[in-house]
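Letter by letter, the chains look like this.
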Amino acid sequence: MDHQDAFTTETAGLPEASSPSIVRLYDGDSFDLRIYPVRKRIGDAEVRMLGYNGSIPGPTLHVEQGSEITVQVTNDGDVEATVHWHGLRLQNLYDGVPQETQAPIQPGEAFTYKLRFPDPGLYWYHPHIREDFAQEMGLYAPIIVEPSDSSYWPAVDRQLTITLDDVLIEDGKLAPFKRSGPTFTAMGRFGNLMLINGESEFSAEAAAGEIVRLYLVNTANTRIFNFALRGARMKLVGGDSGRYEHEEFVEEVLLSPSERAVVDVLFDTAGEVHLEHRTPEHTYDLGAFSVAGAAIGDAAASFGELRTDPELTTERVLLEHDLEREPDKVLSIVASMPLLYGGEAQEASSYVCPMHPEVTSSEPGTCPKCGMKLVPSDTLPASASDQHEGHAHSEHDPSGHGGRHHGDHGDGLEWEDLMPEINRQTDPTNMIWKLIDRESGAENHAISWKFTVGERVKIRLINEMDSDHPMHHPFHIHGAGRFLILSRDGQPEPNLVWKDTLLLRAGETVDILLYVTNPGLWMAHCHIAEHIESGMMFSFEVTPSSEAGGH
């Protein structure tokens, strides 16, 4: 990489990153948030990162449903900034989308946001400019919105926020980023070190018989986390924007980038309870709770109860018609990869899968494991023959084989970067991600949808397998409203929860119902950071209900 095109990794003179704080804010309160570089010890490396108020993650904002606060953001960081308040149905002016809702905050400048919190649940805030760089550098933090109804959640003894992340460290520094634009745009930048609450290992204490509510958010650029606890019981009670239709006991919780979950954990026996990320091929140990003593409260007495949400029970009845009707909009995801498939078709003596180099053929075709098109063997980048080496290695998984592509397990997911050297060479010129409106044929920013406040819009999302690189995508809709998942591959969603982000597996078709509540210009995009920055996004207009509008 050209050093003149790389962001600095210099740590000299920077303040040391501090521990994250919890900031309780009430209706009418103001809060100052400052972005600036810090130095942070991660494993054996001391690296340059960016923090909100000097910590990674930034301050957890703890607010009340129905409240409104003011946050002044000052940018003393390495790049221009905005703050996106992920999942909040707020006023469009404060959504944090550069050029659409506000001008970028230049270094040395400030911008004031007015935030409102109509819905209980777990949200988070992060950049929406060079998200591949700034978010990876540490700009992320949770927001807990406490429900106005004190009986909304089950009883617990206390609560914790958990951010799940990974970083790519090479030669004692964060792997370089280009100032001119994103790299790793094929699969996103996978890290080689897991972070939980900004640290390489989690450590906490709990009392036997205690129930702790964990607010989980995946803040990684691209990695999916399958979160589990070994040695404790876990109950799933909430998702992105409030509680599930039916609480349920679970062994693990799958979260794609920017998805959230609320789980209640009963530590019923003394000892160690390990936090794990489980993939089909490997289990990563993220740290542990040390459980001792005995709980003082009586929350455990009701842990066995599985409650039902009356609002979503009512909604399910209303969804019957929407399940059967045709979608209002159909959006497809397609990848074009000129790096591997550009130029004129050529004959070759042998063909190989870029994802699985062990898959070869004497004729062109597709890989039976992952669906990628086979390429002539001699067209692969020189380093691609050693796909399973390099930065996929980590202290958690020294073999570099922590997981496989979706085709190996039939789950439509990419758990690890299985073509690291090719991925490293991809950028928006040679790896093109497209959201395509199937009615008009418009792609990405050219898509022009218009809705009206009060509409319930059925959107069909199709993750095409007929694509140069079929893979999963976390699809996010900004604060125009919130949605329910109607069905996956024609099967009704068994447990409803209000969402702003969903995981769309490779080859999967998902129908959602968007409840449109907020006027303005709102963005929708894939939430893999490198895919956002390569243009996999569009914006749609919502008009007030008194004005003319339509699908």
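Note: the structure precedes this text.
Rules and cut-offs
- Residues numbered from 1 in each chain as written.
- Predicted model: local features only at pLDDT ≥ 70, side-chain atom pairs only at ≥ 80, totals over all residues.
- Heavy atoms only, no water.
- Helix = DSSP H or I, 4+ residues; strand = E, 2+ residues; numbered from the N terminus.
- Buried < 20%, exposed > 50% of the residue type's maximum accessible area, 1.4 Å probe, protein only.
- Contact = heavy atoms within 4.5 Å.
- 1 Å grid on protein atoms, 1.4 Å probe; cavity = no way out; pocket = protein on both sides within 12 Å on 5 of 7 lines; lining within 4 Å.
- Points joined across faces, edges and corners; volume = space filled by probe spheres on them.
- Nonpolar A, V, L, I, M, F, W, Y, C, P; charged D, E, K, R; others polar.
- Phe/Tyr/Trp six-rings, centres within 6.5 Å; stacked < 30°, edge-to-face > 60°.
- Lys NZ or Arg CZ within 6 Å of the ring centre and 35° of its normal.
- Pairing = 2+ DSSP bridges.
- Axes fitted to C-alpha atoms, helices over the stretch in contact; angles between N-to-C directions.

A. Broad picture of the side chain of T183. Structurally, T183 is set in the loop between strand 12 (173–174) and strand 13 (193–196). Note on T183: relative accessible area 11%, which makes it buried. Apart from the residues within four sequence positions on either side, T183 is in contact with K178, R189, R424, T426 and E530.

B. Inspection of unusual backbone geometry at higher detail. Looking along the chain, the bond that leaves I56 and enters P57 is cis, with omega of -5 degrees. Tracing the backbone shows P57 in the loop between strand 3 (45–52) and strand 4 (60–64). The residue F184 is not glycine, and still its phi comes out positive at about 60 degrees. With respect to the helices, strands and loops of the structure, F184 is situated in the loop between strand 12 and strand 13. Residue class for F184 comes out buried when judged on its relative accessible area of 2%.

C. Local environment of the layout of surface pockets. Of the voids in this model, the largest pocket is the one considered here, and its volume is about 560 Å³. Lining of the largest pocket is provided by 22 residues; of these, Y244, L254, E259, R488 and E493 occupy positions nearest its centre. Those elements that provide at least two residues to the lining of the largest pocket are strand 17 (233–239), strand 18 (242–250), strand 19 (252–255), strand 20 (260–267) and strand 31 (481–488). Counting residues per element, the lining of the largest pocket draws most heavily on strand 19, at 4 residues. There is about 450 Å³ of room inside the second largest pocket. Along the wall of the second largest pocket there are 21 residues; nearest its centre are S19, P20, S21, T161 and N197. Secondary structure elements with two or more residues in the lining of the second largest pocket: strand 1 (22–24), strand 2 (30–42), strand 4 and strand 10 (158–167). At 4 residues, strand 10 tops the list of elements feeding residues into the lining of the second largest pocket. For the lining of the second largest pocket, the per-class residue count stands at 7 nonpolar, 9 polar and 5 charged.

D. Highlighting the packing of aromatic side chains. Scanning the entire structure with this criterion turns up 15 aromatic pairs. Residues F249 and F303 carry aromatic rings whose centres are separated by 5.6 Å and whose planes lie at 50 degrees to one another, so their mutual orientation is tilted. On the criterion of sequence distance, the pair formed by F249 in strand 18 and F303 in the loop between strand 22 (283–294) and helix 2 (310–318) is long-range, its members being 54 residues apart. Look at F267 and F289: their rings are 4.8 Å apart centre to centre, the planes differ by 55 degrees, and that puts the pair in the tilted class. Here F289 lies in strand 22 and F267 lies in strand 20, a separation of 22 residues in the sequence. By the burial criterion, F267 is buried, and F289 matches it. Members of the aromatic cluster, joined through ring pairs, are Y52, W85, F111, Y113 and Y125. Stacked on the ring of Y36, the Lys or Arg R34 has its end atom at 4.1 Å from the ring centre.

E. Looking closely at the sheet that holds strand 8 (residues 121–126). With respect to topology, 5 strands assemble into an open sheet ordered 1-4-9-8-6, the strand pairing being mixed. Edge positions in the sheet fall to strand 1 and strand 6 (84–86), since each has one partner strand and no second. When the angles between neighbouring strand axes are averaged without regard to direction, this sheet yields 25 degrees. Bridge analysis of strand 4 against strand 9 (residues 141–146) gives 4 bridges, and the strand direction is parallel.

F. Quick peek at the pairing of strand 21 (residues 271–278). In the sheet, strand 16 (residues 225–230) pairs with strand 21 via 4 bridges, with the strands oriented antiparallel. Bridged to L229 within strand 21 is L275. As judged from the 8 bridges shared by strand 21 and strand 22, these two strands associate in the antiparallel manner. Counterpart to H277 in the pairing with strand 22 is Y284.

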